[in-house]
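Residue-level listing of the chains:
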Amino acid sequence: MKLSTFIARRLVLSLGVLLGLSILIFIIARVVPGDPVRLALGARAPQDVVERVSAEMHLDKPYPTQYFIWLKGVVQGDFGTSLYTRRNVSEDIKAFLPATLELALFAGLLMTFFGILLGVLSVQKKNSWVDNIVRMISYLGVVTPAFVFAILFVLLFGYLLSAFPVSGRLAEGITSPPTITGMITIDSLMTGNFKAFFSALTHLFLPAMALSMAGLSQQARIARSSMSDNLQKDYILAHRACGLPERKIMFKYLLKPSLIPTVSILGLDFAALLSNAFLVEMVFNWPGISRYGVNAILTKDLNAVAAVVMILGITFVSINIVVDIIVAYLDPRIRMRRDRTGA
Amino acid sequence: MLSSSNTAETAAIKENLWQVRKDNLRRSWYKFTGNRLSIVGLIIVITVILLALFAPWVTPYPEHRGAFVDFNNAMQAPSTENLLGTDAVGRDILTRIIFGFRFSLIMGFVVIGLAAPPGIIAGLVAGYFRDTWIDTLIMRITDIFLAVPPLILAMAITAVLPPNVFYAMLAVTLMWWPWYARLVYGISSSLQNEFFVQAAQITGASRAYIIFKEILPNCISAIFTKMTLDLGIVIIIASSLSFVGLGAQPPTPDLGTMVADGAKYMPDQWWMTVCPALAIVIIVLGFNLLGDGLRDMLAVEEV
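Residues numbered from 1 in each chain as written. Chains lettered and ligands numbered in written order. Predicted model: local features only at pLDDT ≥ 70, side-chain atom pairs only at ≥ 80, totals over all residues.

Scanning chain B from terminus to terminus reveals 11 helices and zero strands. From first element to last, N terminus to C terminus, chain B shows the α and β order α-α-α-α-α-α-α-α-α-α-α. With the principal axes as the frame, chain B shows a C-alpha extent of 80 × 50 × 35 Å. A buried classification covers 47% of the 303 residues belonging to chain B. For chain B, restricting intrachain contacts to residue pairs at least 6 apart in sequence, the fraction spanning at least 24 positions comes to 72%. (Helix = DSSP H or I, 4+ residues; strand = E, 2+ residues; numbered from the N terminus. Buried ≥ 20, exposed ≤ 12 C-beta atoms within 10 Å, placed from the backbone. Contact = placed C-beta atoms within 7 Å.)

This is the structure in structure tokens:
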């Protein structure tokens, strides 16, 4: 299969998945609750108000019609109005999503960098104390929920060592840079406001670290095992026999093919980052999509809930497409195999 | 004459079979104990289960499990009387952690027990009808479920339901079956061309017989290993839901809720949040180590 055919196939499959996801979310948010307006306005709201709001939001039409109206909006980036605050959901999400994306992306960088670094260290010094520590970290990373890391980091680095701020995105007294992307670190860099940049970076570090721990340990584990597998292969022996320096073998010939498994689970790791962001944001008082989402869930604001889940689903599916294409590029064997399991 | 020698033969075969099974078991145990961490996992899991089962008898203050208030002893640091300290209303944290184990374990066992069977059946059926529309339909539906992070989907489901333990379980169950479907599908679809399946088809075995008697037994060790590993993950997800406030509601002693409540009193009353947090880590660690041990013992590669 050519790479372009592979990409086209992958895109069509993902579109199908997204369409199915939209039906699933529609069923959860509209069909299951019966009367979302009544649920949001409460039992004491007068009947005529409920009926008026229902009519305004087309909730009095049959389900298939409702679904197509909703889907048409989603495709155009319009998630309707909140049942609770009557504000535009898309506007709200535009305000909150960048903070979460900034956190998740930074955590993703930390995860990939430190994960692979630990994996390399561990293979270089196999069965030494370095290796044992890395293995212990990677074990603890898998079994510890993100919010536990967040709390331990707050206590340890925030309060005990006072090394990092534990709440918010910027220190008091520093004015936020003008919103371009909504990610303060990038916005402040673009406007040359280095004071804001460093403040934002220190605020970002602890939550991103707490968020990245699970993926980091998994990356380290996989990098370690795939590198030690490849270390046994004949081509490494051949390089050694030719007298290539160990460092060159390590980084030029061993690392590259060993990265394929770590890249291919990046998609899953990003999914974990996005959902764990909900927990970490709670601990660090991070004004991202989680507070908005949890609030929407608690107030039964189903339009907002549907929007948050749909946006995260779209983000996740797009990341997976990118990851699959990278992997297919790195490893032609993947392209040859018929894609059985889809995502 | 003939029948008596037959029964003697059968008895001998049975005896022999029993001996073989015993040998296999011993060999498996030897493999399992080869890694000390597996034993640590087994010990943790057994201890936690025993503690949870006998919680009313082993905890120092069993009455503290529910809505108990003793403001005179509130926020006490760990001491000989309260080994892990007391919480904001004076309840013994150790007691509540042990009762919290109960909820975590129930959650884990119920969710996996409910989610695995439909997932397994879906995977078996899709694998048996590989490359037909049944395969496509089932596996594409699982793709949709797997397209959203599990925690988010569970949260969305709890949004339309009242927040409590039962609905939290239901929500996690609804998004957990696709993982089993995919695991079993992977194994069963690769078995379609094996001779023993073809032989059964030729001798006229029914589809149900082939699926459940020929293919399913080959998936059992992978399923069993995944179940053990998943128990830990489900406990993490359940405690995360509770941590956000969408799972167990007070005064139910739940580890996630306890961490969230205690976090309000950081850093001075650190034990209120750190102790239940570490309790979650220990229980999940136990299931994970045990699962890894099983994986090595049963030589499962797919999970």
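A word on the overall build of chain A. When helices and strands are tallied, chain A shows 15 helices and zero strands. In terms of overall dimensions, chain A has C-alpha extents of about 85 × 55 × 40 Å along its principal axes. Expressed as a percentage of its 343 residues, the buried residues of chain A come to 42%. The contacts in chain A between residues at least 6 apart in sequence include a share of 72% that link residues at least 24 apart.

All right, on to the packing of helix H2 (residues 36-53) of chain B against helix H4 (residues 93-128) of chain B then. All names here are of chain B. Running from N to C, H2 and H4 point in directions that differ by 105°, and their axes come no closer than 8 Å. Relative to H4, the element H2 lies roughly perpendicular. Seen from H2, the contacting residues are Val48, Ile49, Leu51 and Ala52; seen from H4, they are Ile98, Phe101, Arg102 and Leu105. Partitioned by chemical class, the residues of the contact of H2 with H4 number seven nonpolar, no polar and one charged. (Axes fitted to C-alpha atoms, helices over the stretch in contact; angles between N-to-C directions. Parallel < 35°, antiparallel > 145°, perpendicular 65-115°, else oblique. Nonpolar A, V, L, I, M, F, W, Y, C, P; charged D, E, K, R; others polar.)

With that settled, consider helix H10 (residues 234-241) of chain A. Within H10 of chain A, only zero of the eight residues are buried, which leaves it mostly out in the open. A positive phi of about 80° marks Gly243 of chain A, the residue just after H10 of chain A.

On the side of chain A, 41 residues touch chain B, which itself brings 38 residues to the contact. Elements supplying a minimum of two residues to the side of chain B that touches chain A: helix H5 (133-146), helix H6 (150-160), helix H9 (207-244), helix H10 (255-263) and helix H11 (271-298) of chain B. The element that contributes the greatest number of residues to the side of chain B that touches chain A is H6 of chain B, accounting for nine residues. Residue classes in the side of chain B that touches chain A are distributed as 28 nonpolar, seven polar and three charged.

What follows deals with the confidence of the model for chain A. Residues and elements named next belong to chain A. Across chain A, the average pLDDT comes to 83, with 96% of residues at or above 70. By mean pLDDT, helix H15 (residues 332-336) is the weakest element of chain A at 64, and helix H7 (residues 146-160) is the strongest at 90. Below pLDDT 50 for its whole length, residues 338-343 participates in 12 contacts with residues either more than four positions away or in separate chains. (pLDDT = per-residue confidence, 0-100.)

As a further point, take H2 of chain B. All names here are of chain B. Spanning 18 residues, H2 covers 26 Å between terminal C-alpha atoms, matching the ideal 26 Å at 1.5 Å per step. Turning to H2, its buried residues are Ser38, Gly41, Val45 and Val48. End-on, the buried residues of H2 take up no more than an arc of 95°, which puts them together on one face. In this structure, H2 carries Arg36, Ile46 and Leu50 as exposed residues pointing more than 90 degrees from its buried face. (Expected span 1.5 Å × (residues − 1). Arc of directions from axis to C-beta.)

Let us look at the packing of helix H13 (residues 289-298) of chain A against helix H14 (residues 302-330) of chain A. Residue and element names in this part refer to chain A. One can describe the packing of H13 onto H14 by two numbers: an axis separation of 8 Å at closest approach and a directional angle of 140°. Judged by the angle between their axes, H13 and H14 are oblique. For H13 against H14, the interelement crossing comes out left-handed. Between H13 and H14, the contacting residues are Ile289, Gly293, Ala296 and Ile297 on the first element and Ala304, Val305 and Val308 on the second. Residue composition of the contact of H13 with H14, by class: six nonpolar, one polar and no charged. (Left-handed = near helix turned anticlockwise from the far one by under 90°.)

Before going further, it helps to spend a moment on the nonpolar core. Counting residues in each nonpolar core, the largest one holds 183 residues, and the members touching the most others are Ala150, Val305 and Val309 of chain A together with Val172 of chain B. Top contributing element to this core by residue count: H4 of chain B, with 18 residues. Not counting chain neighbours up to four residues away, the residues in contact with Val172 of chain B comprise Val111, Ala154, Val234, Ile237 and Ala238 of chain B. (Core = buried A, V, L, I, M, F, W, Y, C linked by C-beta atoms within 7 Å.)

Moving on to the confidence of the model for chain B. Looking at chain B, the pLDDT average stands at 86 and 98% of residues meet or exceed 70. For this predicted complex, the interface score ipTM comes out at 0.83, while the overall pTM is 0.84.

Its location among the elements puts Asp331 of chain A in the loop between H14 and H15. Sequence spacing of Asp331 of chain A and Pro257 of chain A is 74 residues, and the spatial spacing of their C-alpha atoms is 8.4 Å.

The amide bond that connects Met266 of chain B to the next residue, Pro267 of chain B, takes the cis arrangement and shows omega of -5°. In this structure, Asn285 of chain A takes a positive phi of about 55° despite not being glycine. For Asn285 of chain A, the position within the fold is in the loop between helix H12 (266-284) and H13. With 12 C-beta atoms packed within 10 Å, Asn285 of chain A lands in the exposed category. Backbone geometry at Asp131 of chain B places phi at a positive 65°, although glycine is not the residue there. With respect to the helices and strands, the residue Asp131 of chain B is situated in the loop between H4 and H5. Under the C-beta neighbour-count criterion, Asp131 of chain B is labelled exposed, with 11 such atoms within 10 Å.

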